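# Overview (structure and organization)
Each chain is listed here by its residues.
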Amino acid sequence: MVMDLNYMHGMGLSTALLGIRLVRPTSNVAQTGVLPLFNIVGGNVRMTLIIGHITTVLGAVGNMSLEDTPTTGTMEVLCAVVAAGTYAQDDLLGITGIPANAMVPAATGGIPGMTTRGVNLRVGTLNQRCSASSTGQIQWTVWYIPLEVGAYMSVA
Amino acid sequence: MTTGTGRGWVNQFQLQTLTMGIPLLRAATTLPQTGAVTIFNIVGGRVLLTSFIGECTVLVGGANGSMSFEETPTAGTMEIIATAVVVNNLPAGDQVGMTGIDGAALVPAAAGNTPGFQTMGRVLRIGTLDWRMTGNGAGEMSFAITYIPLDDGAYMTIA
């Protein structure tokens, strides 16, 4: 008898280890300000991974960062800014999970997973901020784990 | 219980899959000769590489130079996921790995064993995971990795 030693496969495994996946369709980047990417609804969640896939090369959008903007409480910058005009199409964007660390990668290329065990997000929005206005599109995907009964994320 | 096998409610391979992802083992081959060799393919979508062990099975020569590993996507910019470390005379039985942190060197710095990632993994795009050496010489290494599919239909294969 041959045993199936890998009883959990593919996307089930992704859900078990990283949480629920949420895909945001590709869209223009924020224009000199913030753009809500995702909503956090019903309670706190822990974001375990975020990937920004550059689908159209960014123009002079200046510095980019991500923010946890709760409906109640103080806004938290999830990463320090990075100069975003250097990336190539199909490069990825991510964060380390440590707020003082800049968005990764520093210039071009791929990304690591977080160095923390995720980032807690409060009820509100996860926003992208750019310091200038220009062309460029990014497709964002997040994985998260609800921390409270009824908590979930949705595409903004 | 003295054997350390636990109570057996999840067997060892299920436990590995459940905690680290899908294992993939690449048999020992000779080292790249002044260039890069593809060791794994990423197919159908992105994956999260959650562990990486390269085990030296045949003593590395004295002029093989530095070893590094690269994510080479079919679209987008190549990323060095473990920067170069000199591995001349690395003995059989020693292991190499990576921290997962951007810009960090291959570990260990000289000889010995490797820790697990200091991140939750490395995101790999569709393309290849490549093994690079700066010199020529003898030596063989096998690889054991684990990964999690991030997109529908994504998987890795041995190159």
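Residues numbered from 1 in each chain as written. Chains lettered and ligands numbered in written order. Predicted model: local features only at pLDDT ≥ 70, side-chain atom pairs only at ≥ 80, totals over all residues.

## Comments concerning the overall build of chain A
For the record, the criterion: Only DSSP runs of H or I reaching four residues or more are called helices, and only runs of E reaching two or more are called strands; each is numbered from the N terminus. Radius of gyration here uses only the C-alpha atoms, and the compact-globule reference equals 2.2 Å multiplied by the residue count raised to the power 0.38. Field definition: a residue is buried when 20 or more other C-beta atoms are found within 10 Å of its C-beta, exposed when 12 or fewer are, and partly exposed for counts in between, with C-beta atoms placed from the backbone. C-beta atoms are placed from the backbone for every residue, and two residues are taken to be in contact when these atoms lie within 7 Å.
Counting its regular elements, chain A contains one helix and twelve strands. Mapped from its N terminus to its C terminus, chain A presents α and β elements in the order α-β-β-β-β-β-β-β-β-β-β-β-β. Against the 2.2 N^0.38 benchmark of 15 Å for 156 residues, chain A shows a C-alpha radius of gyration of 16 Å, consistent with a compact globule. C-alpha atoms of chain A, sized along the principal axes, occupy 60 × 40 × 25 Å. Within the span of chain A, comprising 156 residues, buried residues form 38% of the whole. Of the contacts made within chain A by residues no fewer than 6 positions apart, 74% connect residues no fewer than 24 positions apart.

## Comments concerning the overall build of chain B
Within chain B, the secondary structure is distributed over one helix and ten strands. In chain B, the succession of helices and strands from N to C terminus is α-β-β-β-β-β-β-β-β-β-β. For 159 residues, the compact-globule formula gives about 15 Å, and the C-alpha radius of gyration of chain B, at 16 Å, lands near that figure. Relative to its full complement of 159 residues, chain B shows a buried share of 41%. A separation threshold of at least 6 residues defines the contact pool for chain B, and within that pool the share at least 24 residues apart is 75%.

## Regarding the interface of chain B and chain A
The cut-off we apply is this: Polar here means any residue outside two lists: the nonpolar Ala, Val, Leu, Ile, Met, Phe, Trp, Tyr, Cys and Pro, and the charged Asp, Glu, Lys and Arg; Gly therefore counts as polar.
If you look at the interface, chain B gives 29 residues, while chain A gives 31 residues. Looking at the side of chain B that touches chain A, the elements with two or more residues in it are helix 1 (12–20), strand 4 (66–73), strand 7 (122–124) and strand 9 (140–149) of chain B. Looking at the side of chain B that touches chain A, the element that brings in the most residues is helix 1 of chain B, giving four residues. Among the residues forming the side of chain B that touches chain A, the class breakdown is 14 nonpolar, nine polar and six charged.

## Things to note about the sheet that holds strand 5 (residues 79–86) of chain B
Residue and element names in this part refer to chain B. Our working definition: For two strands to be treated as a pair, DSSP must find at least two bridges joining them. Geometry is summarised by axes, namely lines fitted to C-alpha atoms with helices restricted to the contacting stretch, and by angles between N-to-C directions that run from 0 to 180 degrees.
Pairing is antiparallel in the open sheet, where five strands are placed in the order 5-4-8-2-10. Bordering the open sheet on either side are strand 5 and strand 10 (155–158), each of which pairs with just one other strand. In this sheet, adjacent strand axes meet at a mean angle of 20 degrees when their direction is disregarded. Here four bridges tie strand 2 (residues 35–43) to strand 10, and the two strands are oriented antiparallel to one another. Within strand 10, the residue paired with asparagine 41 across the bridge is threonine 157.

## Describing the pairing of strand 5 (residues 63–70) of chain A
All names here are of chain A. Relative to strand 7 (residues 82–83), strand 5 runs antiparallel, the two being bridged by two bridges. The residue of strand 7 that forms the bridge with asparagine 63 is alanine 83. Here strand 5 runs beside strand 10 (residues 124–130); their pairing, made up of seven bridges, is antiparallel. Across the sheet, residue methionine 64 finds its bridge partner in strand 10, namely cysteine 130. Where strand 5 meets strand 6 (residues 76–77), two bridges bridge the pair, whose relative direction is antiparallel. Across the sheet, aspartate 68 pairs through a bridge with glutamate 76, a residue of strand 6. Counting the residues that bridge the hairpin from strand 5 to strand 6 gives five residues, and of these glycine 73 lies at a positive phi of roughly 110 degrees.

## Brief notes about the confidence of the model for chain A
Selection criterion: The pLDDT value tells you how sure the predictor is about a given residue, anywhere from 0 up to 100.
Scored by pLDDT, chain A has a mean of 92; 94% of the residues are at 70 or more. Averaged over each element, pLDDT in chain A is lowest for helix 1 (residues 10–18) of chain A (85) and highest for strand 10 of chain A (98).

## Observations concerning helix 1 of chain A
Residue and element names in this part refer to chain A. To keep it simple, the criterion reads: Here the arc refers to the set of directions running from the helix axis out to each C-beta atom.
Buried residues of helix 1: Leu13, Ser14, Leu17 and Leu18, and no others. One side of helix 1 holds all its buried residues, which, seen down the axis, span an arc of 105 degrees. The positive-phi residue at the C-terminal boundary of helix 1 is glycine 19, with phi of around 105 degrees.

## Comments concerning the environment of alanine 102 of chain A
Residues and elements named next belong to chain A. Assignment of secondary structure puts alanine 102 in the loop between strand 8 (92–93) and strand 9 (119–121). On the neighbour-count criterion, alanine 102 (17 C-beta atoms within 10 Å) is partly exposed. Residues alanine 102 and leucine 78, spaced 24 residues apart in sequence, show a C-alpha to C-alpha distance of 9.0 Å. Once residues lying within four places of it in the same chain are set aside, the contact partners of alanine 102 are Cys79, Ala80, Val81 and Val82.

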